[in-house]
Amino acid sequence: MLPETTPGDDGTTVRPARDRRPADRVTLRSDLRSAVPDATAAVVVTAAVFVLLWARMESGDSATVAVMPFMDDPGTYWMYLLSQAFGWSGLLWAWGTVMLGLLLSGPGPTRLPVSPQVMERWHRTTSLTTMALMLAHALMFAAELVRYETELAWARRLWTGFADSFVPGWYDSGTGQIAIPLGQGALYLAVPLGLLFYVRHRIGAGTWRRLHRFVVVVYVLSVWHTLLYGTNVWYGEWPRTALWLLQLPVAVLLLVRLLRPARRAERLGAPGGRPAGGPARGPARGRSLTGWTLRAAGRAAAAAVVAGLLLVVVSGHDGGRERPAGTPASSPHPKETE
């Protein structure tokens with residue numbers, strides 16, 4: 001009979017003391033191999049979105065063309081369409097990995113179609129795929145900018161494409177002045193937060209858990225970037241409403257996770273309550289009260305987000321623009337000259 005195992009603080013399996021064999025450590029290399037089917041599915045979805053965007057542009061139904069009429073040529077602007085496709089599949093994969101993470105970290109349903117170990121592996125592989133899709137989205141956007149700036153010398157074109165895509169604050173046109181730094185922030189947070197899992201034995205499980213909570217920030221920045229800069233959801237029509245609706249289960253799971261945390265130390269309790277092992281006195285009581293205040297504020301914020309999302313969906317006021325009666329005259333990002 002196999003010895004019993006218990007889940008550790010970082011979600012890995014801990015062997016009992018009588019079994020001196022080292023527990024199997026999850027490595028980046030093994031997860032990269034496991035991510036191949038997931039990444040393949042992401043490529044297929046990206047290709048399908050690309051075909052859909054191309055077809056909508058050909059048919060004249062593209063919201064992107066309504067925003068930027070000069071782009072009414074998918075054969076010329078195919079890199080921009082591919083950047084959009086990577087962005088949408090990246091957001092879908094980010095939604096999936098956040099949902100898996102919230103299910104695993106909270107009380108979760110009593111019955112799941114697969115084991116928690118399988119869900120943990122899916123959470124890790126979808127996270128790796130999401131990072132790759134985000135990077136591909138940014139690279140294709142940079143490639144389109146390099147192609148677009150035909151009036152510049154090649155060295156200047158390469159620098160402009162790189163700086164506009166990867167240097168925060170460099171892009172200086174229209175909504176992109178806010179939206180692109182938000183996307184860059186999501187990318188630059190996602191990579192280290194995702195990869196820190198593989199060195200958690202060096203930084204400590206507690207440190208890794210505290211840092212990993214900021215993955216929610218990455219997701220919020222990604223959605224915010226899309227709502228501001230995704231031309232396919234600029235207008236107050238069903239694609240924008242669908243994007244808002246997708247955020248409801250994330251917000252509800254986050255609220256449940258905060259209201260019913262799996263770890264006893266994260267439970268709300270009474271303000272300034274006793275710490276484990278004795279009464280709260282002096283500095284310990286102050287720290288406990290500060291922690292209680294932060295946890296209570298987090299729960300209140302999550303509840304407000306759920307209420308706000310419901311209000312947006314029910315009212316139909318989702319921040320979408322009205323389709324213009326005429327068409328814009330020029331590109332929102334004029335070509336540069338030397």
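The model shown is predicted, which means the values in this text are computed figures rather than measured ones. (Residues numbered from 1 in each chain as written. Predicted model: local features only at pLDDT ≥ 70, side-chain atom pairs only at ≥ 80, totals over all residues. Heavy atoms only, no water.)

Now for the overall build of the protein. Along its length, the protein carries twelve helices and two strands. Secondary structure elements of the protein, listed N to C terminal, follow the sequence β-β-α-α-α-α-α-α-α-α-α-α-α-α. Expressed as a percentage of its 338 residues, the buried residues of the protein come to 38%. Considering only intrachain contacts with a sequence separation of at least 6, the fraction spanning at least 24 residues in the protein is 71%. Summed over all atoms, the accessible surface of the protein reaches about 18,900 Å², with 65% contributed by carbon and sulfur. (Helix = DSSP H or I, 4+ residues; strand = E, 2+ residues; numbered from the N terminus. Buried < 20%, exposed > 50% of the residue type's maximum accessible area, 1.4 Å probe, protein only. Contact = heavy atoms within 4.5 Å. Areas by Shrake-Rupley, 256 points an atom, 1.4 Å probe, with all protein chains shown as cover.)

Time to look at the side chain of H123. If you trace the backbone, H123 turns up in helix α5 (residues 116-148). H123 gets classed as buried once you look at its relative accessible area, which sits at 16%. Among residues more than four places away in sequence, those in contact with H123 are T97, L100, G101, L104 and H212.

Relative to the helices and strands, R56 resides in helix α2 (residues 36-59). Separated by 18 residues in sequence, R56 and P74 have C-alpha atoms that sit 9.6 Å apart.

Packing of α5 against helix α7 (residues 176-195) brings their axes to within 10 Å, and their N-to-C directions diverge by 145°. You can see that α5 and α7 cross each other, and the crossing is left-handed. Side by side, α5 and α7 meet where S127, L128, M131, M134, L135, A138 and F141 of the first sit next to I180, A186, L187, A190, V191, G194 and L195 of the second. Of the residues assigned to the contact of α5 with α7, the class counts are twelve nonpolar, two polar and no charged. (Axes fitted to C-alpha atoms, helices over the stretch in contact; angles between N-to-C directions. Left-handed = near helix turned anticlockwise from the far one by under 90°. Nonpolar A, V, L, I, M, F, W, Y, C, P; charged D, E, K, R; others polar.)

What follows covers α7. With 20 residues, α7 ought to run about 28 Å at 1.5 Å a step, and its terminal C-alpha atoms sit 28 Å apart, in line with that. Buried residues along α7 sit in contact with α5, α6 (154-166), α9 (205-212) and α10 (215-229). (Expected span 1.5 Å × (residues − 1).)

As for its position among the elements, R200 is in helix α8 (residues 200-203). Separated by 2.7 Å, the side chain of R200 and the backbone oxygen of F197 make a polar contact. (Polar contact = N/O pair within 3.5 Å; in protein donor to acceptor, adjacent residues only side chain to side chain.)

One pass over the structure, following the stated rule, counts three salt bridges. The shortest N-O distance in the salt bridge between E144 and R147 comes to 2.8 Å. Placement of both E144 and R147 in helix α5 is noted, with a separation of three residues, approximately one turn of the helix. The exposure class of R147 is partly exposed, given its relative accessible area of 24%. A salt bridge links D318 to R240; its shortest N-O distance comes to 3.9 Å. One end of the pair, D318, is in the segment after α12 (282-315); the other, R240, is in helix α11 (residues 238-259), and 78 residues separate them in sequence. The two residues D318 and R240 agree in class, both being buried. (Salt bridge = Lys/Arg side-chain N within 4 Å of Asp/Glu carboxyl O.)

Okay, the nonpolar core next. By size, the foremost hydrophobic cluster in this structure holds 20 residues, and its most contacted members are Y219 and V250. Elements with a minimum of two residues in this core: α4 (78-105), α10, α11 and α12. With residues up to four places along the chain from it excluded, the contact list for Y219 reads L91, A94, W95, V98, Q247 and V250. (Core = buried A, V, L, I, M, F, W, Y, C linked by side-chain atoms within 4.5 Å.)

In low-pLDDT segments, the atomic positions of the prediction should not be examined closely. Taken residue by residue, the protein gives an average pLDDT of 82. The fraction at 70 or more is 79%. Per-element averaging of pLDDT across the protein places strand β1 (residues 6-7) at the bottom with 44 and α2 at the top with 95. In the predicted structure, residues 1-23 sits below a pLDDT of 50 and forms 27 contacts with residues beyond four places in sequence or in another chain. (pLDDT = per-residue confidence, 0-100.)

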